[in-house]
Amino acid sequence: MARSTYKQILLLTVCVIGVQLAATAADKTQYLTQLTMAGYYSMVIIGLSLLMGYTGQISLGHAGFFAIGGYTSAFLTTYNLLPHQDAPIVSLLARTGVLMAGKDLYDADILVVQPWAACIAAVLVTLVVAYVIGRPVLKLKGHYLAMATLGFGTIVYKMVLGTSLVGAADGLSDIPAFQLLPGLSVSGKSSVRIQNYYIAWGLVIVGTTLLLNLIHSRVGRALRAIHGAEDAANAMGVDTASFKLRIFVVSAVYAALGGAFLTHFNGGIGPSEASIMKSVHYVAIVAIGGMANLWGALTMGVALNFLSLRGYFGSHDDSVFGLILVAVMLFAPEGIGSTGAPERIRAWIKRLGAREEPAP
Amino acid sequence: MNIELFCQYLIAGLTYGTIYAIVAIGFNIIYNTTGIINFAQGEFVMLGGMLAVTLDVFFPLPLSIAGAVIITMLLGALIEICFIRWLKSPSVLRMVMITIGLSIIIKAAALAIWGEGVKSLPYFTGTAVTVISMGDVHVSPQVLWVIGVSGLIVALLSFFFNHTLLGRQMRACASNIDAARLCGIDAKNMVTLSFILSAGIGALAGCVVCPITYVQYDSGTNLAIKGFTVAILGGLGNSTAAIAAGLMLGILESLSIWILPTAFKDVIAITILLLILFVRPSGIFGNAEAARLKEF
Amino acid sequence: MNSMRWIIVLLFVCMVYALPARAADTIKVGAILGMTGPASFLGAPEAKTLGMLADEINKKGGIKGKKIELILKDTGASPEKAISFTKQLIEEDKVFAIIGPSTSGESMKVKGIAEDGRTILISCAAAESIVNPVGKYVFKSPQNDRFAAIKIFEQMKKMGITKIGVVSSNTGFGKGGKEQLEKLAPEYGIQIAANEVYDKDATDLTAVVTKLKAAGIQAFVNWSIEPAQAIVIKNARQIGLTVPIFQSHGFGNIQYVKAASGAAEGVLFPAGRLLVAESLPKNHPQKAVLMKYKQDYEARYKEDVSTFGGHAYDAFMILVKAIETAGTDKEKVRTAIENMKGFVGTAGIFNFSPKDHNGLDLNAFEMLTVKGGKFVVYSDKAAKKK
């Protein structure tokens with residue numbers, strides 16, 4: 001791991017711990033709930049930042065991957081397999097310890113997949129979908145790429161909305177807690193709030209570290225070459241198509257992980273997680289954070305999602321993100337950090353003072 | 001399925017197909033002159049309907065529709081001047097995001113002004129239950145208005161682009177903007193004009209279809225996606241093909257409910273879009289050469 | 001870049017300390033409604049109703065001398081926001097009770113949170129699973145969809161209808177109704193010959209009603225709350241489908257009749273009596289409540305009243321009555337709601353019990369129809385006279 005990466009990760013870890021300690025000290029641990037949720041959304045955002053910033057591919061359908069991950073995990077951990085107990089597949093799964101007993105809404109016994117297995121399944125399903133969709137989609141450019149990803153996101157949304165097996169418009173609820181280790185589980189109960197905050201941010205820290213390593217490696221240099229001048233990169237022998245696909249799949253898997261974990265934290269999921277507005281939220285956050293700027297995206301993601309989840313934007317949630325998108329794209333397409341605002345302000349102040357002197 | 005049922009489906013498909021085609025033509029006009037896909041196109045249709053409903057309280061129907069179209073055209077010009085004009089060769093990514101952001105803002109403004117309720121214009125001729133019957137096939141007179149007005153729009157646009165100076169200037173800009181400038185054509189104003197035109201035809205389509213489908217603050221989004229599908233289906237920039245593609249999509253959607261659950265009707269349009277993008281992005285009627293010419 | 005991160009962290013820490021403590025002597029009532037988004041037909045009138053009622057009660061001095069502080073949150077029908085807001089309202093704002101959510105999907109997800117937080121939650125959504133299995137603190141104010149379906153089937157049986165079509169939208173509302181219709185049809189000897197689900201944004205249903213016509217049905221039921229309700233009856237009449245059309249109680253807003261213009265004549269639907277308040281006999285137990293709500297709402301908001309706003313009215317006034325009876329102890333108020341009998345609301349007369357956290361039965365519904373562009377009570381005699 002490069003030294004600069006090491007320092008940045010350390011700084012992030014210190015911030016994460018610091019915020020938790022501050023919240024506990026001020027007796028405002030409830031804030032940790034929204035921070036945990038924002039943490040899981042950040043998984044989508046850092047993956048998307050990599051995709052948009054380092055390969056220049058826009059994705060207006062990333063909420064679709066979040067939903068695929070979340071819904072797969074939700075479905076497997078709530079679908080009752082008891083009526084199918086005797087089917088060969090089910091008995092095989094039971095023998096390998098992948099299934100567990102649970103209780104449904106009415107306290108009857110049900111047989112479902114264990115959350116850890118469901119999570120792995122969620123990642124695998126997303127991997128396959130991302131690979132299958134990614135190959136044709138990434139050959140497109142510009143508007144066509146945008147529309148294709150928008151189309152993908154819309155299809156996922158309409159499908160979860162129209163399929164009664166996954167609850168249609170109501171979504172799925174009563175999702176069991178996801179036990180990672182004895183005593184450590186992903187669930188929304190207030191007693192394990194601090195635990196869950198660290199699980200979420202632990203996931204984000206590990207995810208960010210991996211991505212930073214990727215950026216500083218050979219692959220990262222190839223990506224920067226692709227972003228800068230794709231044809232030149234091709235000419236130099238860089239297999240741009242395969243790199244773009246790999247990054248697309250990685251970002252999809254990150255989104256799916258965020259989705260699966262958040263579903264267990266929330267205890268439920270609904271079609272709204274797959275909506276196009278959600279995808280636009282993610283894109284707006286990556287845009288304002290600075291497209292090739294992982295830290296900017298992460299910071300803005302946490303801030304905006306936190307405020308949105310606490311209702312600060314009220315009914316104007318969508319318009320806030322729309323405004324951000326327009327404003328950033330008009331005035332600061334490279335993101336807020338790159339406008340060089342502090343330097344420009346300093347220069348402007350200097351010029352004010354220097355106005356008295358006549359020009360030579 | 002007998003012949004009358006089929007005709008009933010066909011007419012339903014034609015009605016919506018023409019609306020999709022008009023939206024697609026709106027996309028094409030702006031794309032041809034600027035290379036931008038205006039994701040807010042659907043919002044122009046919505047605004048046309050909404051404004052007409054509001055004006056209808058004070059003025060007779062034809063005046064309200066004219067007023068709605070004019071106000072939407074002004075809005076189109078305003079959007080171009082405030083957001084597009086002063087950008088220096090922006091990247092495609094940037095433009096996509098700006099127009100998406102604009103569509104969200106327009107929707108939020110519509111929600112604030114008109115609320116979340118559903119609005120409708122009175123039928124141009126007759127009421128909701130008047131029908132023109134041909135055997136067992138029943139058609140509302142409004143459907144004929146939709147098809148008629150759409151046909152008129154296409155005819156007028158065709159005349160405009162082929163036989164008027166302004167239209168030919170716009171086509172010149174679309175073909176080769178530098179050459180056009182060298183000939184003394186003010187490219188900047190052509191861009192504004194293209195926005196005005198797109199907004200106008202979108203608004204008119206919105207007014208004429210409003211009695212049938214009602215209008216709500218978020219009815220623009222769906223139309224935009226369908227319109228874009230049709231534009232790509234016909235080949236981006238090719239408006240004559242867009243008409244055929246629009247009718248095709250409308251009819252396909254209409255007939256689809258015999259095989260698929262109705263809830264997935266929208267998925268058809270998007271699946272077609274994805275298939276076309278993957279297999280033949282220049283559209284089923286287009287080829288890459290024709291697309292580059294960017295003719296009407 | 002590092003500097004930006006420090007600034008954000010600093011801001012956050014300041015926020016944590018800077019938020020002022022809330023004022024002391026008010027009764028905080030939280031409301032999580034879908035005021036915008038796919039459930040805005042439900043949430044917007046509900047929010048307006050709550051605002052109106054809170055103001056009215058505060059003008060009179062509040063309940064037991066304490067003013068009501070209404071904390072309204074818009075979830076846009078997103079379950080994740082509903083979950084976040086519920087936790088916020090219970091743990092930070094420490095609300096006395098919560099009204100909402102507007103949709104069944106959201107309600108199911110926050111049911112457990114309200115139970116854990118021991119806070120009264122009165123939902124404005126209709127799914128039976130909200131109160132069955134019964135949660136100690138969770139109640140709901142709308143009628144069960146089941147009763148609406150029963151009302152429709154009883155009427156069909158009277159009319160001798162045995163073969164019907166069912167169309168519904170892909171929303172939670174549509175889904176709930178569809179399930180009840182499918183479950184109960186056999187009990188009334190009715191066969192569902194065509195069953196279609198359409199997208200809530202659908203703008204044309206000609207293809208769907210053509211399919212119904214081809215199936216040779218004697219009547220059809222449409223279950224949705226979107227503009228599609230008006231569109232489907234228009235399309236049906238246009239293609240010459242003259243059979244009786246039944247709607248769900250989602251039709252309970254005169255804007256749909258206006259939108260459908262002539263096509264809505266003769267449509268039958270079960271609904272609360274709010275919509276025909278004026279034509280109720282003077283001594284009807286609900287008349288006073290209904291007339292007052294209708295007049296106040298229409299005067300203040302200049303729009304027609306709907307039965308959905310009524311659900312929020314019921315939820316809120318039940319809470320108010322319970323506080324007036326039992327004081328401001330949460331547990332006592334909860335028990336008071338459970339034991340409330342004969343409460344006159346807009347949806348009907350509520351009779352709660354520890355096992356019944358909804359309190360309404362079949363009598364809450366009245367079969368209404370559209371005559372001359374207005375809602376009137378349906379009577380078989382009047383229909384036969386035609």
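These remarks concern the structure in this document. Given the structure is predicted, the values throughout are model-derived calculations rather than measurements.

### Focus on the overall build of chain C
Point 1. Secondary structure assignment for chain C yields 13 helices and 14 strands.
Point 2. What you see for chain C is a C-alpha radius of gyration of 22 Å, in line with the 21 Å of a compact globule of 386 residues.
Point 3. With respect to the principal axes defined by its C-alpha atoms, chain C has extents near 70 × 60 × 40 Å.
Point 4. Expressed as a percentage of the 386 residues in chain C, the buried residues total 56%.
Point 5. Long-range pairs, those at least 24 residues apart, make up 67% of the contacts in chain C between residues at least 6 apart in sequence.

### Quick word on the sheet that holds strand E3 (residues 97-99) of chain C
All names here are of chain C.
Point 1. Pairing within the open sheet is parallel, and its five strands lie in the order E2-E1-E3-E4-E5. Sheet topology places strand E2 (67-74) and strand E5 (138-140) at the edges, where each strand pairs with a single neighbour. The mean inter-strand angle of the sheet, taken between neighbouring strand axes irrespective of direction, is 20°.
Point 2. In terms of strand pairing, E3 meets strand E4 (residues 120-123) through three bridges, oriented parallel.

### Section: helix H13 (residues 317-331) of chain A
Point 1. Compared with the 21 Å implied by 1.5 Å per residue over 15 residues, the 21 Å span of H13 of chain A between its first and last C-alpha is a close match.
Point 2. For H13 of chain A, the elements touching its buried residues are helix H11 (276-289) and helix H12 (294-309) of chain A together with helix H4 (92-114) of chain B.

### Some points on the interface of chain B and chain C
Point 1. Contacts between the two partners involve 28 residues from chain B, matched on the other side by 30 residues from chain C.
Point 2. Elements with a minimum of two residues in the side of chain B that touches chain C: helix H1 (3-34), helix H8 (187-213) and helix H11 (265-279) of chain B.
Point 3. When its residues are assigned to classes, the side of chain B that touches chain C shows 14 nonpolar, eleven polar and three charged.

### Notes on unusual backbone geometry
All names here are of chain C.
Point 1. Of the consecutive residues Gly 100 and Pro 101, the connecting peptide bond is found in the cis state with omega at -5°.
Point 2. In this structure, Pro 133 follows Asn 132 across a cis peptide bond, with omega equal to 15°.
Point 3. Among the secondary structure elements, Pro 133 is positioned in the loop between E4 and E5.
Point 4. Here the phi dihedral of Lys 94 falls at roughly 50°; this positive angle occurs in a residue that is not glycine.
Point 5. When you line up the elements, Lys 94 lands in the loop between helix H3 (79-91) and E3.
Point 6. At Arg 118, a position not held by glycine, the phi torsion is positive, near 50°.

### Section: the interface of chain C and chain A
Point 1. Every contact between the two is made by 38 residues of chain C and, on the other side, 43 residues of chain A.
Point 2. Within the residue set of the side of chain C that touches chain A, elements represented by two or more residues are helix H1 (2-18), E2, H3, helix H4 (104-117) and helix H6 (172-184) of chain C.
Point 3. Among the elements that make up the side of chain C that touches chain A, the one with the highest residue count is H3 of chain C (nine residues).
Point 4. A per-class count over the side of chain C that touches chain A returns 15 nonpolar, twelve polar and eleven charged.

### Quick word on the pairing of strand E13 (residues 366-371) of chain C
Residue and element names in this part refer to chain C.
Point 1. Sheet topology places strand E10 (residues 268-271) next to E13; four bridges connect them, and they run antiparallel. Within E13, the position partnered with Pro 270 by the bridge is Met 367.
Point 2. Sheet topology places E13 next to strand E14 (residues 374-377); four bridges connect them, and they run antiparallel. Across the sheet, residue Leu 368 finds its bridge partner in E14, namely Val 377.
Point 3. In this antiparallel pair of consecutive strands, E13 and E14, the connection spans two residues, and Gly 372 shows a positive phi of 60°.

### Things to note about the environment of Phe 178 of chain A
Residues and elements named next belong to chain A.
Point 1. Inspection of the secondary structure puts Phe 178 in strand E4 (residues 178-181).
Point 2. For the pair Phe 178 and Trp 116, spaced 62 residues apart in sequence, the C-alpha to C-alpha distance is 6.8 Å.
Point 3. Once you skip the residues sitting within four places of it in the chain, Phe 178 turns out to touch Pro 115, Trp 116, Cys 119, Ser 185, Val 186 and His 264.

### Some details on the packing of helix H2 (residues 31-54) of chain A against H11 of chain A
All names here are of chain A.
Point 1. Relative to each other, H2 and H11 sit at 65°, their axes nearing to 9 Å. In terms of crossing hand, the pair formed by H2 and H11 is right-handed. Contact residues: Val 44, Ile 45, Leu 48, Ser 49 and Met 52 in H2; Tyr 282, Ile 285, Val 286 and Gly 289 in H11.
Point 2. Counted by class, the contact of H2 with H11 contains seven nonpolar, two polar and no charged residues.

### Description of H2 of chain A
Given 3.6 residues per turn, any residue in an α-helix points the same way as the ones three and four places further on.
All names here are of chain A.
Point 1. Between its first and last C-alpha atoms H2 spans 33 Å; for 24 residues at 1.5 Å apiece the expected length is 34 Å, and the two agree.
Point 2. Taking the largest bend as the criterion, H2 deviates by roughly 30°, centred on Tyr 41.
Point 3. Burial analysis of H2 places 24 of its 24 residues in the buried class, the great majority of the element.

### As for the packing of helix H5 (residues 115-137) of chain A against helix H10 (residues 240-266) of chain A
Residue and element names in this part refer to chain A.
Point 1. Across the interface, H5 lies against H10 with an axial gap of 8 Å and an inter-helix angle of 150°. Classified by the interaxial angle, the pair formed by H5 and H10 is roughly antiparallel. Viewed along their axes, H5 and H10 form a crossing whose handedness is right-handed. Between H5 and H10, the residues in contact are Pro 115, Cys 119, Ala 122, Val 123, Thr 126, Leu 127, Ala 130, Tyr 131, Gly 134 and Arg 135 and Leu 245, Phe 248, Val 249, Ala 252, Val 253, Ala 256, Leu 257, Ala 260 and His 264, respectively.
Point 2. Grouping the amino acids of the contact of H5 with H10 by side-chain chemistry returns 15 nonpolar, three polar and one charged.

Analysis parameters
- Residues numbered from 1 in each chain as written.
- Chains lettered and ligands numbered in written order.
- Predicted model: local features only at pLDDT ≥ 70, side-chain atom pairs only at ≥ 80, totals over all residues.
- Helix = DSSP H or I, 4+ residues; strand = E, 2+ residues; numbered from the N terminus.
- Rg over C-alpha atoms; globule rule 2.2 N^0.38 Å.
- Buried ≥ 20, exposed ≤ 12 C-beta atoms within 10 Å, placed from the backbone.
- Contact = placed C-beta atoms within 7 Å.
- Pairing = 2+ DSSP bridges.
- Axes fitted to C-alpha atoms, helices over the stretch in contact; angles between N-to-C directions.
- Expected span 1.5 Å × (residues − 1).
- Nonpolar A, V, L, I, M, F, W, Y, C, P; charged D, E, K, R; others polar.
- Left-handed = near helix turned anticlockwise from the far one by under 90°.
- Bend = angle between axes of the 7 residues up to and from the residue.
- Parallel < 35°, antiparallel > 145°, perpendicular 65-115°, else oblique.

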